[in-house]
Amino acid sequence: MEFLFLTKKVITFFIEPLGLILTLASIGLYFLYKSSYTKAKLFLSFSLLLLLFFSYPPVGNYLTLQLESQYSKYDYKDDDIAFIHVLGSGHTENNKWPLSSQIGSASLKRTIEGITIYKKLNRPNIKLIFTGYLGSNSNTIPNAEINASIARIAGIGNQNIIINGKPKDTKEEGDFAKSILGVSPFILVTSAAHMPRAMKLFKDLGLNPIAAPTSFHGNDLELLTVPKLRSLQLSKTAIHEYLGIVWSYLTP
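Residues numbered from 1 in each chain as written. Predicted model: local features only at pLDDT ≥ 70, side-chain atom pairs only at ≥ 80, totals over all residues. Heavy atoms only, no water.

Before going further, it helps to spend a moment on the pattern of salt bridges. Tallied over the full model, the rule gives six salt bridges. Between E172 and K168 there is a salt bridge; the shortest N-O distance is 3.3 Å. With a relative accessible area of 22%, K168 lands in the partly exposed category. (Salt bridge = Lys/Arg side-chain N within 4 Å of Asp/Glu carboxyl O. Buried < 20%, exposed > 50% of the residue type's maximum accessible area, 1.4 Å probe, protein only.)

If you want it as structure tokens, here you go:
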């Protein structure tokens, strides 16, 4: 299982924009040192074109919007919900930083949305589920525990919090949710671009999630604009999600 997880991560890196661009550029440099100038020009030019393409804001935004537009924000109206599942994202442990700087942007937004839903539904029996593993070899605390600490700061007691820091990906988070939720409906909180993949994986497990997307990034932009690093990041995130959806069809 661990080998499959690592294999997926390696393959994904080389298919996503940055990994693909670096790979093509490296091949181009190899041919350059070998004095194969035609091949070198081909690979280096293609890598540069891909860099410009994925950094072009309308491209990153279009790819992102196709994912984010599939589910609308949660309306805070369900009366029979007993669980809110907040999926993990990322954090960086550093005792010199305040907690607000250690927790990743996506993690913080997911956690705040989970807390907001909890507060607005305002029922004592609701429980917040936090999942997510370490995320980095330098971390010693799982992302689930970091996110749960924000909920505690917001005044939510331990009796209303369930933490599992072992799941390494969305599929494993779904497996854990199924072990405690069965077929009962629950609210699923994750980033808007990640929501289509998460909903598919959870439904494939026989779960009944209600989407509560957050951390929206896609916007309609004018075509006359210059490449930006932020757009490259949007393209990377979107393609990562598309690849994850494809992977979910290929693996049981």
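A full pass over the atoms with the stated rule returns five aromatic pairs. Centroid distance F53 to F54: 5.2 Å. Interplanar angle 70°. Geometry classified as edge-to-face. Relative accessible area serves as the criterion here: at 11%, F54 is assigned to the buried category. Through a chain of ring-to-ring contacts, three or more aromatic side chains come together here, namely Y30, F31 and F43. Seen from the ring of Y76, K120 lies directly overhead, with NZ or CZ sitting 4.3 Å from the centre. The ring of Y249 has K200 lying over it, and the distance from NZ or CZ to the ring centre is 4.1 Å. (Phe/Tyr/Trp six-rings, centres within 6.5 Å; stacked < 30°, edge-to-face > 60°. Lys NZ or Arg CZ within 6 Å of the ring centre and 35° of its normal.)

What follows deals with the packing of helix 3 (residues 37-55) against helix 10 (residues 229-250). Two elements in contact, helix 3 and helix 10, have axes whose closest approach is 7 Å; the angle formed by their N-to-C orientations is 90°. Between helix 3 and helix 10, the interaxial angle falls into the category roughly perpendicular. Side by side, helix 3 and helix 10 meet where L51, F54 and S55 of the first sit next to S231, L232, S235 and I239 of the second. Taken together, the residues of the contact of helix 3 with helix 10 sort by class into four nonpolar, three polar and no charged. (Axes fitted to C-alpha atoms, helices over the stretch in contact; angles between N-to-C directions. Helix = DSSP H or I, 4+ residues; strand = E, 2+ residues; numbered from the N terminus. Parallel < 35°, antiparallel > 145°, perpendicular 65-115°, else oblique. Contact = heavy atoms within 4.5 Å. Nonpolar A, V, L, I, M, F, W, Y, C, P; charged D, E, K, R; others polar.)

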